[in-house]
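Each chain is listed here by its residues.
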Amino acid sequence: MPSLNPELRSLRKILNSNWHIIPDYQRSYAWTENNLMDFWEDITNRPSGHFLGSVVVTGSEDDDKEIVDGQQRLTTTLIALSAIRDQFSALGAEDLANGIHETFIYAKDESTKSKPRLKNESTEANNRIEDAVFSLPQDRRETEKLNKRESLESLAYQFFQGKITEYLSNKTQKMEALIELKEQLLKAKVIYVVSEDRNGAFRIFETLNDRGTVLEPLDLIKNFLFQYVSDDPARQAVKTWNDTASILEQLSLPSVSTKRFAYYAWNSRTGSESQSAKYVLNERLLRSVMDYVINKDEAVSRERALEIVNYFNFCARLLSSFEDVLKERAGKVTWEKFDPNFRKNKYDEINRHLYGILVTEASQPIPLLLSLFYVYFKDGGALTSKMLRKFLEAIHKFQFRWTIAQKNSTENQRKPYRLAATRVFEATSAENINAALQDFTKTTSGTLRPTDIQFKDGLKKLKISSENRKDYFKILFILSELARRSGNPIGSEATPTIEHLKGQANVPSRSPRYYWIFKMGNLIILPSEVNEALKGDFAEKAESIHNYVHSWDKELLNAIDEKDWSSSRAKKRLEQIASIAAEIW
């Protein structure tokens, strides 16, 4: 893999200093109205500078650059600039029109020859866009009469013409508004990657398109942030970022893909009022961070960049602690890092509800969990232990029921998490937190909440076999919660394990006739030392397991008395377990 030093550059810098060539092996211009609308909205809604993505080029410092990836973006930019140029001409501002034309669309090289900033090696494609878009209106040939259909480049030009006319229609100072629009476009940023040889550029392109580790969103964000914080003589920001990277490398939390860490962390924070219930998607993370950081005051930008470096580190440390809770419910080791006044009983219920969320392996609650624990541990935070327990309980009951019901993630299910995360992050008082909790509870306990029938049906499908242990920890948690509700006869210090009442040895797990053996009606939790000592069939186990059967478990108690266990009893017991679980969750 060639070495990379991707640089965040504005379009002004790129177009002012380079000529680019689109090789003839590249696909033709392909952007349609949907792509153009996204581009237009990003430019007009982000005065601080729209992020276009990455551009990969090859060529030495003094050569024209051949585009390997990004030609659709650069072509669209120049089409939009052409439409802006022609609008300046229509307003009588020929000097401004010529400034665009002679600087960004065409420019003179060292031989004083004027040539296009973007040239297609394909003669047909080059003539098409030069004749219909890049050339000045008075110089254009009637190329469309020579073609059977309008080109996409020409349609894109017409799109921008229409949008610019609409944009200016309600502006009293049209010239100033058009100048501002031009500036917004030229301030747009790309990650510009240069390789001196074509093979290297193609390897970079493959890495980007395979979503490799080089330019993941987190790397792009790092490159941007360190423009503002890299001058720290103590290199504290570098140390903090390296610590974050080290934590993420070791993280194996099932619900969290480390490649999407930036997505979880950024969506746990504040969002604009109109976006507070919408997730910032992976491909838009960098531009969202840029919108937050960039400020006319360089000191403010630096402060915000450093804040994000530290916040991402805090989130990584929290995720590592979540992993500890999931593995061992190890509250002491985990929370002493954050709470110097740690007391185990203070965190028992916090850990129980957090475990109930994490055991689902669902990623949707992660941004809200990060926000809650950040605010809880933050100095002067508005979130009390009692309120944190209540919030975690609400998330636990909703997400566990949703997961067991085997419902797919939907926008309506994700929205309450994002909205609550932003409200918690912004909270300045306990009243703010309580309001966020009440709204979350109201939303998730209404029509969004899976019905008892859906929950019970999903629970009855859970199973454990020697070949398939996917549901093991969910089943262990369900049975542990039933035991806790009944006074937990296992004891709080014991390590619970699962035993099949009817043994699974030599039983074909894929035979419908024997499905009941692997489902919860045939399962019981026992202390590990008791389980290890069990031998023989049900009649031989009966006396040993009697002390660990709850009073509600009539089917199993009767079976122990009669030393007889059957599929019909297991199925009745499964119905009873499902009914009690529906009451708990």
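Residues numbered from 1 in each chain as written. Predicted model: local features only at pLDDT ≥ 70, side-chain atom pairs only at ≥ 80, totals over all residues. Heavy atoms only, no water.

What follows covers the pairing of strand β8 (residues 189-195). Of all the seven residues making up β8, six are buried; the element is thus mostly covered by neighbouring parts of the structure. Pairing analysis gives four bridges linking strand β1 (residues 7-10) to β8, with the strands arranged antiparallel. When the bridges of β8 are listed, L8 appears paired with I191. (Buried < 20%, exposed > 50% of the residue type's maximum accessible area, 1.4 Å probe, protein only. Helix = DSSP H or I, 4+ residues; strand = E, 2+ residues; numbered from the N terminus. Pairing = 2+ DSSP bridges.)

With that out of the way, let us pick up the pattern of salt bridges. Scanning the model with the defined rule gives 30 salt bridges in all. As a salt-bridge pair, E307 and R269 come within 2.7 Å of each other at their nearest N and O atoms. Highlighted residues: E307 in helix α13 (residues 298-328) and R269 in the loop between α11 (261-266) and α12 (285-293), separated in sequence by 38 residues. In this structure, K470 and D471 form a salt bridge, with 3.2 Å as the shortest nitrogen-oxygen distance. (Salt bridge = Lys/Arg side-chain N within 4 Å of Asp/Glu carboxyl O.)

All right, on to the nonpolar core then. The biggest cluster of nonpolar side chains holds 116 residues, and the ones touching the most others in it are L225, F312, F322, W335 and F391. The leading source of residues in this core is α13, at 13 residues. Once residues within four sequence positions are removed from consideration, F391 is found in contact with L368, L372, A420, V424, I433, A436, L437 and F440. Core analysis: the next-biggest nonpolar cluster, separate from the first, contains 48 residues, I67, L78, L81 and A177 among them. (Core = buried A, V, L, I, M, F, W, Y, C linked by side-chain atoms within 4.5 Å. Contact = heavy atoms within 4.5 Å.)

Further remarks concern the packing of helix α17 (residues 385-404) against helix α20 (residues 452-461). Their axes nearest at 7 Å, the elements α17 and α20 cross at an angle of 60°. Between α17 and α20, the interaxial angle falls into the category oblique. Touching F400, R401 and I404 of α17 are D452, F455, G458 and L459, all from α20. Taken together, the residues of the contact of α17 with α20 sort by class into four nonpolar, one polar and two charged. (Axes fitted to C-alpha atoms, helices over the stretch in contact; angles between N-to-C directions. Parallel < 35°, antiparallel > 145°, perpendicular 65-115°, else oblique. Nonpolar A, V, L, I, M, F, W, Y, C, P; charged D, E, K, R; others polar.)

Under the 1.5 Å per step criterion, the end-to-end length of helix α6 (residues 152-169) is 26 Å for 18 residues, consistent within 8% with the ideal 26 Å. For α6, the complete set of buried residues consists of E153, S154, A156, Y157, F159, F160, K163, I164, Y167 and L168. Looking at the buried residues of α6, the elements they touch are α2 (33-45), α3 (71-90), α5 (123-134) and α7 (174-186). (Expected span 1.5 Å × (residues − 1).)

Glancing now at the packing of aromatic side chains. Under the defined criterion, the tally for this structure stands at 37 aromatic pairs. Here the aromatic rings of F398 and Y417 are separated by 6.2 Å at their centres, their planes lie at 50°, and the arrangement is tilted. Of this pair, F398 sits in helix α17 while Y417 is found in helix α18 (residues 411-426), placing the two residues 19 residues apart along the sequence. Each of the two residues, F398 as well as Y417, counts as buried. By the ring-pair criterion, three or more aromatic residues cluster together here, those being Y311, F314, F322, W335, F338, F342, Y347, F373, Y374, Y376, F377 and F425. When the ring centre of Y263 is taken as reference, the NZ or CZ atom of R260 above it lies at 4.1 Å. Directly above the ring of Y292 sits R269, whose terminal nitrogen or CZ lies 5.2 Å from the centroid. (Phe/Tyr/Trp six-rings, centres within 6.5 Å; stacked < 30°, edge-to-face > 60°. Lys NZ or Arg CZ within 6 Å of the ring centre and 35° of its normal.)

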